[in-house]
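Descriptive analysis of the structure
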Amino acid sequence: MFKGALFDLDGVIADTSSLHFQAWQKLANNYFAAELPDYLEEQTKGVSRGDSLQIILDHLDVGVSDSMFQQLLLEKNELYLASLKNLSPKNILPGISEFIAELKENEVKLALASASLNGPAILDKLQLTDTFDAIADPSKVAQGKPAPDIFLAAAKALDLEPAECVGIEDSIAGITAISVSGALPIAIGTNAEFKAAFKTFAKTAELNLADVRAVYDIFKKEHAIW
Ligand code: BG6
Ligand code: MG
């Protein structure tokens, strides 16, 4: 049995993922009169605010000064926070509360491994802060997803080896990050690009301890852990 579960936030715990892209859309519209193509949503998923802005500016083929870059980050976050105004436990994705309850009954420790600097505030609004044993701080890791740093930090905060943990993600960058960290990568969604995922659930509602446990047993054998 695994001992830790390292959770992504946006798109795994809460239905906030598309709100990030909507905020980027508004920003691109306000500043550059541009419409962003849908594929940029996947490219910015799981990716830090600054890295996401760079991806968008590269797509628009515009360069901005450092102060303008900071200004754009600030405004994107204001737009995003405005869209979170009514966030409540109702925004927890289907099946997540039940899955978390199963984990807790089995004494699995929980850590948040989100790229979002808003993670702690969002967990509060979802009334999940006390449910988590640790929150890895994305401002303290050297590299964002797809680098493994935030998942390594989350496992460490639980005092566990990554191989004793499962990681749950809805983004390609995040699945790569889990896979490199050594934890078991579990993907949520239907993206055909989830190549590094050890197991994929189409929706959060399908997540359940029995399946994850069975997959972890296979993972453990294949990776010859203890
Ligand atoms: C991730 C989102 O969870 O957090 C990304 O998938 C977002 O879209 C990133 O850019 C950083 O979030 P924030 O709240 O710090 O801007
Ligand atoms: Mg996500």
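Predicted, not measured: the structure shown is a model, and the values here were computed from it.

So, the pairing of strand β1 (residues 4–7)
The alternating pattern of β1 places Gly4 and Leu6 on one face and Ala5 and Phe7 on the opposite face, and all of these are buried. Sheet topology note: the β1/strand β2 (residues 109–112) ladder contains four bridges and is parallel. Residue pairing across strands places Phe7 opposite Leu112, the latter belonging to β2. The sheet contact formed by β1 and strand β4 (residues 165–169) spans four bridges and is parallel.

Notes on the domain arrangement of the protein chain
Along its sequence, the protein chain is organised into domain 1 (4–15 + 88–222) and domain 2 (17–83). The centre of domain 1, based on its C-alpha atoms, is set 25 Å off from the matching centre of domain 2. Taken together, the 14 residues of domain 1 in the interface contact 11 residues of domain 2. Buried surface at the junction of domain 1 and domain 2, both sides included, amounts to about 980 Å², of which 46% is carbon and sulfur. On the domain 1 side of the interface with domain 2, the three residues burying the most area are Asp10, Asp15 and Asn118, jointly 36% of the side's total.

Brief notes about the side chain of Asp8
With respect to the secondary-structure elements, Asp8 resides in the loop between β1 and α1 (17–32). At 3.2 Å, the side chain of Asp8 forms a polar contact with the side chain of Lys145. Sequence-distant contacts of Asp8, defined by excluding residues within four places in its chain, comprise Ile13, Leu112, Ala113, Ser114, Lys145, Ile168, Glu169 and Asp170.

As for the sheet that holds strand β5 (residues 184–188)
Spatially, the six strands line up as an open sheet ordered β3-β2-β1-β4-β5-β6, and their pairing is parallel. Each edge of the sheet is formed by a strand with only one pairing partner; in this case those strands are β3 (134–135) and β6 (199–201). Taken strand by strand, helix α8 (residues 172–181) contacts β4 and β5, and its axis lies near 165 degrees from that of β5. Along the sheet, helix α9 (residues 209–222) makes contact with β4, β5 and β6, crossing β5 at roughly 140 degrees.

With respect to the packing of aromatic side chains
Scanning all chains against the criterion turns up six aromatic pairs. With a centroid separation of 5.9 Å and 80 degrees between ring planes, the pair formed by Phe7 and Phe132 is classed as edge-to-face. Highlighted residues: Phe7 in strand β1 and Phe132 in the loop between α6 (119–125) and β3, separated in sequence by 125 residues. In this structure, Phe7 and Phe132 share a single accessibility class: buried.

Quick look at unusual backbone geometry
With an omega dihedral of 15 degrees, the bond running from Lys145 to Pro146 counts as a cis peptide bond. A positive phi angle is found at Ala33, which is not glycine, with a value near 45 degrees. Mapping Ala33 onto the fold places it in the loop between α1 and α2 (39–44). Of note, the phi angle at Gln127 is positive, near 60 degrees, even though the residue is not glycine. In this fold, Gln127 is placed in the loop between α6 and β3.

Re the site of ligand 1
In the region of ligand 1, 16 residues are neighbours, and Asp10, Val47, Arg49, Ser116 and Asn118 sit closest. Ser52 is positioned with one of its side-chain polar atoms (N or O) 3.5 Å from an oxygen atom of ligand 1. Taking 390 Å² as the accessible area of ligand 1 by itself, protein coverage stands at 98%. Of all the cavities here, the one that holds ligand 1 is the largest pocket. Residue composition of the shell around ligand 1, grouped by class: four nonpolar, eight polar and four charged. Looking at which domains feed residues into the shell around ligand 1, each of domain 1 (4–15 + 88–222) and domain 2 (17–83) gives three or more.

Details of the pattern of salt bridges
Taken as a whole, this structure holds six salt bridges when the rule is applied. A salt bridge links Glu164 to Lys3; the nearest nitrogen and oxygen atoms lie 3.2 Å apart. Linking Glu164 in the loop between α7 (149–157) and β4 with Lys3 in the segment before β1, this pair joins segments that are 161 residues apart in sequence. What makes Glu164 buried here is its relative accessible area of 11%. Between Glu193 and Lys195 there is a salt bridge, with its nearest N and O atoms 3.9 Å apart. Taken together, the shared-partner salt bridges in this structure form one network comprising Asp8, Lys145 and Glu169.

What counts, and where the lines are drawn
- Residues numbered from 1 in each chain as written.
- Chains lettered and ligands numbered in written order.
- Predicted model: local features only at pLDDT ≥ 70, side-chain atom pairs only at ≥ 80, totals over all residues.
- Heavy atoms only, no water.
- Buried < 20%, exposed > 50% of the residue type's maximum accessible area, 1.4 Å probe, protein only.
- Helix = DSSP H or I, 4+ residues; strand = E, 2+ residues; numbered from the N terminus.
- Pairing = 2+ DSSP bridges.
- Domains from an automatic or database assignment.
- Contact = heavy atoms within 4.5 Å.
- Buried area = accessible area lost by both parts, 1.4 Å probe.
- Polar contact = N/O pair within 3.5 Å; in protein donor to acceptor, adjacent residues only side chain to side chain.
- Axes fitted to C-alpha atoms, helices over the stretch in contact; angles between N-to-C directions.
- Phe/Tyr/Trp six-rings, centres within 6.5 Å; stacked < 30°, edge-to-face > 60°.
- Near = heavy atom within 4 Å.
- Areas by Shrake-Rupley, 256 points an atom, 1.4 Å probe, with all protein chains shown as cover.
- 1 Å grid on protein atoms, 1.4 Å probe; cavity = no way out; pocket = protein on both sides within 12 Å on 5 of 7 lines; lining within 4 Å.
- Sits in = over half its atoms within 2 Å of the grid points.
- Nonpolar A, V, L, I, M, F, W, Y, C, P; charged D, E, K, R; others polar.
- Salt bridge = Lys/Arg side-chain N within 4 Å of Asp/Glu carboxyl O.

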